[in-house]
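# Coordinates in review
The primary structure of each chain is shown beneath.
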Amino acid sequence: MEVRMKNINQSRRAFLRTASSLSVAGSAAPFALNLATIGAAAAQTAGDYRALVCLFMYGANDHNNTVIAYDTANFNAYTSARAGLTRTLADLLPLTPSTPLTGSNAGRQFALPKELAPLKTVWDSGKLAIMANVGPLIVPTTKAQYTNLSVPLPPKLFSHNDQQSLWQASAPEGARVGWGGRIGDLMISQNANSIFTCNSISGSAVFLAGQASVSYQLGTSGSTAISGITGSLFGSSSASGTLTTLVTSGGNNVFTQDLAETTQRSIDANAKLSAALVTAPDFPLPAELATSSVGAQLRVVARMIAARNQLGAKRQVFFVSLGGFDTHDDQLTTQPALHTQVGNALSYFYNTTVAMGISDQVTAFTGSDFGRTLTSNGDGSDHGWGSHHFVVGGAVKGQRYYGTFPIMGLNNNDEVGSGRLLPTTSVEQFAATLAKWFGVSSTDMSLVLPNIGNFATPDVGFMA
């Protein structure tokens, strides 16, 4: 077997080789300088602004009840295979694609559940696309190859932590660099303030970890200041100044010096962002998102994008998330409530970018651990593999399906047991399509996505 999964270390070595070859300052130049050179080569003249926004659904969203078979034959197969876990026809909003499905999917129809009505509106406007059956793959894989183990498979399938990591970083749990962070590495030189290149409003995520770029973490109220370094501390006006001196003075030890420099960058970034957000327009959440965590996260993303000029940002990657999708139980109650948040939040965010006049420059997409079984366990579904996902934005060639929908049912070549889908599009193809739109060159794509060379069609085509 000649083809093998390329791990992060292999990618890093390739990255280093490329950086060295493009260096304008010779082999002694700092690695960050080489990254800047690659970024400049990749993005050429990034005079415009672009942002990628990942909404990750932790726990594994059940795709079978998200993009639902609607034509009679496939709806009957759907209800037959997951008794007690199906949505009714009265719950469904049928979708009309601008381009009819062809090939093995010709004549098939699909619908969204009614709680995703806000996304149907975006679909109808031509700005939402649906990517069918996408999941982690090392190489294109058939069921026979999966059964016979004759091609390399993603490690630790059906494991939450590992598949989250594979989705975000092309490697199982323990990965240190994600594809969002690698894109940030290539684009970091486009930003006057590099610290705002990769931004998480949802805590730590390997998706945004890069070699040179560092995930800037903030909350739904914005950045968090270090307590006590401004104003009065313990009733003393001079104490805060003393504390600032202490935490930003590194002494003679290289480690404490590094910590002090990191602390100073944190202080500077907080001051910069706080000042920018004071004058940036706000985009209040609608009543239906008043208590929504993911709505609040996207509100911060919108405000940071509105403040992009003050922040000196040309290329930014964002990460937001919503948990609770591990619906082994009570799925018909739990999932619609989560869908309601996702639908309203993505619609709010897209409409906000339209109001700002930059919808063509911002693309949001969903990700999740994996899909779920077609079969029911009585009250929910179990761990799967391939899944369906949304891409939203003004540059999206929407109101269309991409990829290939699987045969609806059990015991066929599109599933590996209990209706677990064998992906027909890899996460790396999905990511490469987004990365290309963002400005990553075909030459540098393998630095971002180490296995993309194993796929004949790296660009799936959903971006203009």
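The full count for this structure, using the stated rule, is 12 salt bridges. Residue R50 pairs with D48 through a salt bridge whose shortest N-O separation is 3.2 Å. Three or more residues are tied together by salt bridges with common partners; here these are R87, D91, K114 and E115.

A few words on the side chain of Q190. Looking at where Q190 falls in the secondary structure, it is placed in the loop between helix 7 (179–187) and strand 6 (198–200). For Q190, a relative accessible area of 16% translates into the label buried. Within the local environment of Q190, its side chain forms a polar contact with the side chain of S189, the two groups lying 3.4 Å apart.

Per-residue pLDDT for the chain has a mean of 91; in total, 90% of the residues score no lower than 70. For the stretch residues 7–46, pLDDT sits under 50, and the model shows 57 contacts to residues farther than four places along the chain or on other chains.

Most often, soluble globular proteins have nonpolar side chains that are buried together. By size, the foremost hydrophobic cluster in this structure holds 58 residues, and its most contacted members are I130, I305, F318 and F349. Formed by 38 residues, the second largest nonpolar core is a distinct cluster that contains C198, A395, V427 and L434.

Taken as a whole, this structure holds 20 aromatic pairs when the rule is applied. Geometrically, the ring pair formed by W123 and Y401 is tilted, given 5.1 Å between the ring centres and 40° between the ring planes. One end of the pair, W123, is in helix 4 (residues 117–124); the other, Y401, is in strand 11 (residues 400–402), with 278 residues separating them in the sequence. By the burial criterion, W123 is buried, and Y401 matches it. Aromatic rings pair up to connect F56, Y58, W167, W179, F207, F319, F365, Y402, F430 and F462 into one cluster. When the ring centre of F438 is taken as reference, the NZ or CZ atom of R315 above it lies at 5.7 Å. We note R420 situated over the ring of F158; from NZ or CZ to the ring centre the distance is 5.3 Å.

In this section: the sheet that holds strand 2 (residues 68–69). With antiparallel pairing, 3 strands are arranged side by side in an open sheet as 2-4-3. Looking at which strands have only one partner, the edges of the open sheet turn out to be strand 2 and strand 3 (92–94). Sheet topology note: the strand 3/strand 4 (residues 110–113) ladder contains 3 bridges and is antiparallel. Bridge assignment links L93 to a residue of strand 4, and that residue is L112.

Definitions and limits used
- The numbering scheme is per chain: residues are counted from 1 as the chain's sequence reads.
- Given that the model is predicted, a residue must reach a pLDDT of at least 70 before its local features are reported, and side-chain atom pairs must reach 80 or more before they are shown or counted; all residues, however, enter totals for whole chains, interfaces and linings.
- Excluded from the side-chain calculations are hydrogens and water; all other atoms, namely the structure's heavy atoms, are used.
- A pair is scored as a salt bridge if a Lys or Arg side-chain nitrogen falls within 4 Å of a carboxyl oxygen belonging to Asp or Glu.
- Each helix corresponds to a stretch of at least 4 residues labelled H or I by DSSP, and each strand to a stretch of at least 2 residues labelled E; elements are numbered beginning at the N terminus.
- Residue exposure (1.4 Å probe, protein chains only): buried if accessible area is under 20% of the type maximum, exposed if over 50%, otherwise partly exposed.
- Under the rule applied, a polar contact is a pair of N or O atoms within 3.5 Å (in protein, one hydrogen donor and one hydrogen acceptor; residues adjacent in sequence only if both atoms are side-chain atoms).
- As a per-residue measure, pLDDT reflects the predictor's confidence and takes values from 0 up to 100.
- Note on definitions: a residue-residue contact is assigned when non-hydrogen atoms from the two residues lie within 4.5 Å.
- Within this scheme, the nonpolar core is defined by two criteria: the residues are buried Ala, Val, Leu, Ile, Met, Phe, Trp, Tyr or Cys, and they are joined through side-chain atoms within 4.5 Å.
- To pair, rings of Phe, Tyr and Trp, with the six-membered ring standing in for Trp, must have centres within 6.5 Å; the planes then decide the type, stacked if under 30 degrees apart, edge-to-face if over 60, and tilted in the middle.
- The criterion for a charge sitting over a ring is simple: Lys NZ or Arg CZ within 6 Å of the ring centre, and within 35 degrees of the ring normal.
- For two strands to be treated as a pair, DSSP must find no fewer than two bridges joining them.

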